[in-house]
Amino acid sequence: MQYQSQAVAKPYFIAAIGLFVGQILFGLILGLQYVIGDFMFPEIPFNVARMVHTNLLIVWLLFGFMGAAYYLVPEEAERELFSPGLAILMFWIFLVAGALTILGYLLVPYSGLAELTQNSVLPTMGREFLEQPTITKLGIVVVALAFLFNIGMTILKGRKTAVSLVLLIGLLGLAVMFLFSFYNPDNLAKDKYYWWWVVHLWVEGVWELILGSILAFVLIKTTGVDREVIEKWLYVIIAMTLITGIIGTGHHYYWIGAPEYWQWWGSIFSALEPIPFFMMTVFAFNMVNRRRRNHPNKAAVLWAMGTAVMAFLGAGVWGFLHTLAPINYYTHGTQITAAHGHMAFYGAYVMIVLTMISYAMPMLRGRTAAPSNRSQVVEMWSFWLMTVSIVFITLFLTGAGILQVYLQRYSGDPLPFMVVQDKIAMFYWMREVAGAVFMVGLIAYVASFFVGSRDPEATAVAGDSAAA
Amino acid sequence: MSQAFTKAMARNIFYGGSVFFILLFLALTFDTHNAWPQRDNHEAITEKVSEGKRLWEENNCIGCHTLLGEGAYFAPELGNVFKRYGGKDGIKAFIMSRPKEGVPGRRSMPQFNFSDAELDAIAEFLEYVSGMNTANWPPNIQG
Amino acid sequence: MRGILMDTVVRHEQARPGYPPGDLAIWIFILAELLVFAIFFAAYAFARSGQAELFNHYQATLNRDTALFNTLALLTSSYFVVRGVVAAREGNNALCARWLWAAVAMGGLFLVIKASEYADHFAAGVSLSSNTFYMFYLSLTFFHFMHVILGMVILAAVAVKAGRDGYSPDDHTGVETGASYWHMVDMVWLILFPLVYVMR
């Protein structure tokens, strides 16, 4: 660690991992509810468990992004963080607000929570992924502003690199697009149109900037390839991301009351959305092949390569599968969407946060640039367990989706929703098994922080060269 | 020199391309605003429909159902449920009929204990949604 | 003009065997742009094959004279750009800037004419939602319209730098980069014009 203030990243990363475990736990509950309909009913109905599952995902990824920024920016700016105290304060505010919100979901009926938090004053609740009470949303805005101020001031006063500027633009975009979550008109067509300005322009827009800059940072550090080369790639990739992704929003506008030309605009541009992901894969492999040193933290490099491949598969390939309007007409709102969502989120965002944690954690714990060999072996096991099981989850959900589309939408004698659900239950069972394996992988991941942490190669004090 | 691929150039493409497509997106959004009145069934939005939408949101219906294909995939599509159930009465009767403790081994919608007025508002909201022009989606009545 | 174009190519190859001219990044970008336009054109052809009569009918409502005039405007501007590159290569920055500004002016003329065409359409109540033909016509031409604006911005930036004596015979990659982009914008129109206005 080159700068003392980078240490504030550590609690962010720990919280991220903790919430990740919670997210997967609720994922398993949801998977079981798919096949045992009354599991935990009526105490934790499906909608509550799902809300916890998705909201925990968003919150822990945000913790991960913030931790990554706090670690990365001082090193890029070559100066201490503007205010480490503010970063720690915001950590606790965000954690407490997040925990209270999740507890609210679990302990109070949702309508009671709406009443309790005065949703009627400014109704923003009850829309997918934006279920948080309005007061929590305001809290998120405050935390985001303080965070951006802290990061922005650090960059402004220090060295400005492409990596940190792109990260800043991505984080700024994240905060700005979130403001659309406060717009909730009664007109459903408009409500849905602008809802996507948060959801799509996050995950297929500004978050990809964050993804790109973290990946670039880790590759600079682990491969030793010239910064100029990596930053050039970074710019080209994120340029393609926004060029395809902004109009690509149109692939959500086919069937929600927006004019029908979106079917053309959305299909054409979203069909190109895999290109930046493919470039990212080529980029990561290229840089690792041209590496000028063998970084001792092999697990971190594995995660970096993994995210480049899995983001392309999940977001690129599985996204393309159902993005063209004539196909989407049949697949819209089926398990195909769920399949794509799981692999895309895991490949692009879960893995990039884990990449950063894997790279930074040894230094944050005051050790050498890499954990012990034993620890790395366990971590790599967790990589493969989680990655392979998410591939299977995706394949099983895709199978379920294809059958669902055929039985419910395509065949000459379409069957009712619930009848179809019974017929595809087999796929849900297999998905749940794959989910359990994922949980094993996650446990192994957590364990890797404790395995071999006293081994000699891990405990030697980090020198400057190792930390660079 | 002509082979140069400069970082400055890549950066300019990023900034220029982003601004270009943001402007294009805003232009299309502007046109979408002009096109909505013919498609969004806004004339059907009454006080009651607004109240129905609020109830829809404050009971997190989207956490199980899809509405125009968006939401969770645990329970049926409701954008066309007004047509599928043949009117408001069918919707109201179904919501009222749900057992408090669920159905053993099966998925079941919770019992929300809505008042008659609330049930009516929800049904009116779903009627309004079914009147939107969704480019013929869903493909059939099963949603 | 053809002579000068050929001349440019030959001289260019003599001067520097390295192809393509300009910054390599712009060529990746140009290829990406051409890919988007190609897909758009293919989609147009696909939609047209299904509704040929509708397309023919509404195609007849377009003003081909103004479109032809616009084609000439863009061709002229490309010629000016070529002269600008030649001037830069010979180290005459002031002349280069003058040619580029002339090209920008022709681009501006294109915009004015196209905008007046749009004004007529909108006055007649035509919009993206009118029918499939108008959807494609407006989408394609407006998408191109914005490219013309972007191309003008790029040419203007290059012209400003040339005006400040910012290029030399050894280093005028920037001029070539801007010129390459502008030729792409011009070329797309040369496909768009017959495809949307003329062919039936």
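Residues numbered from 1 in each chain as written. Chains lettered and ligands numbered in written order. Predicted model: local features only at pLDDT ≥ 70, side-chain atom pairs only at ≥ 80, totals over all residues.

Chemist: Please clarify how the overall build of chain C should be interpreted in this entry.
Modeler: In terms of helices and strands, chain C carries 7 helices and 0 strands. Helices and strands appear in chain C in the N-to-C order α-α-α-α-α-α-α. Taken against the 2.2 N^0.38 rule, which gives 16 Å for 200 residues, the C-alpha radius of gyration of chain C at 18 Å falls within 12% of a compact globule. Expressed as a percentage of the 200 residues in chain C, the buried residues total 37%. Taking as baseline every contact in chain C between residues at least 6 positions apart, the subset at least 24 positions apart corresponds to 81%. (Helix = DSSP H or I, 4+ residues; strand = E, 2+ residues; numbered from the N terminus. Rg over C-alpha atoms; globule rule 2.2 N^0.38 Å. Buried ≥ 20, exposed ≤ 12 C-beta atoms within 10 Å, placed from the backbone. Contact = placed C-beta atoms within 7 Å.)

Chemist: Even after reading the chapter, I still don't get the interface of chain A and chain B, so can you show me in this structure?
Modeler: By a widely used convention, the size of an interface equals the accessible area lost when the partners come together. The interface is formed by 59 residues belonging to chain A together with 61 residues belonging to chain B. Where the side of chain A that touches chain B is concerned, the elements lending two or more residues are α2 (46-77), α4 (110-116), α7 (188-223), α8 (227-248), α12 (325-331), α13 (335-364), α14 (373-410) and α15 (417-423) of chain A. The greatest single-element share of the side of chain A that touches chain B, amounting to 11 residues, is contributed by α8 of chain A. Its residues assigned to classes, the side of chain A that touches chain B shows 35 nonpolar, 12 polar and 12 charged. (Nonpolar A, V, L, I, M, F, W, Y, C, P; charged D, E, K, R; others polar.)

Chemist: Explanation requested: helix α3 (residues 84-107) of chain A in the structure shown.
Modeler: Because each turn of an α-helix spans 3.6 residues, side chains separated by three or four positions in sequence point in the same direction. All names here are of chain A. Its 24 residues place the ends of α3 34 Å apart at the C-alpha level, agreeing with the 34 Å of an ideal helix rising 1.5 Å per residue. Taken as a whole, α3 has its buried residues at A87, M90, F91, F94, A97, G98, T101, I102 and Y105. Packing partners of the buried residues in α3 comprise α1 (9-35), α2 and α5 (134-157). (Expected span 1.5 Å × (residues − 1).)

Chemist: Help me understand the nonpolar core, please; the structure alone is not making it clear to me.
Modeler: Core analysis: the largest hydrophobic core is formed by 253 residues, its most contacted members being A69, Y70, I214, L234 and V353 of chain A together with L100 of chain C. At 23 residues, α7 of chain A tops the list of elements feeding residues into this core. (Core = buried A, V, L, I, M, F, W, Y, C linked by C-beta atoms within 7 Å.)

Chemist: What am I meant to see in unusual backbone geometry here?
Modeler: What you tend to see is this: most non-glycine residues have negative phi, and most peptide bonds are trans. With an omega of 0°, the peptide bond running from F41 of chain A to P42 of chain A counts as cis. Going from W137 of chain B to P138 of chain B, the amide bond is cis rather than trans, its omega being 0°. Along the chain, P138 of chain B turns up in the segment after α5 (116-130). In this structure, F129 of chain A takes a positive phi of about 70° despite not being glycine.

Chemist: Is there a simple way to explain the interface of chain C and chain B in this structure?
Modeler: Chain C puts 17 residues into the contact, and the matching count from chain B is 16 residues. When contributions to the side of chain C that touches chain B are tallied by element, the ones reaching two or more residues are α2 (24-50), α6 (132-163) and α7 (173-198) of chain C. By residue number, the principal contributor to the side of chain C that touches chain B is α2 of chain C, which donates 4 residues. Looking at the side of chain C that touches chain B residue by residue, the classes come out as 8 nonpolar, 6 polar and 3 charged.

Chemist: Just to check I follow, could you spell out the confidence of the model for chain C for this structure?
Modeler: In regions of low pLDDT, the predicted coordinates are not meant to be interpreted in detail. All names here are of chain C. With 91% of its residues at a pLDDT of at least 70, chain C reaches an overall mean of 90. When mean pLDDT is compared element by element in chain C, helix α5 (residues 93-123) scores highest at 97, while helix α1 (residues 2-15) scores lowest at 47. Throughout residues 1-15 the model reports pLDDT below 50, and contacts reaching past four residues in sequence, or to other chains, amount to 7 contacts. As scored by the predictor, the complex reaches a pTM of 0.94 and an ipTM of 0.97. (pLDDT = per-residue confidence, 0-100.)

Chemist: What should I look at first to understand the environment of T331 of chain A in this one?
Modeler: Residues and elements named next belong to chain A. Assignment of secondary structure puts T331 in helix α12. Take T331: there are 23 C-beta atoms within 10 Å of it, and that puts it in the buried class. Separated by 70 residues in the primary sequence, T331 and G401 have C-alpha atoms spaced 7.7 Å apart. Setting aside chain neighbours within four positions, we find T331 in contact with H322, I336, G401 and V405.

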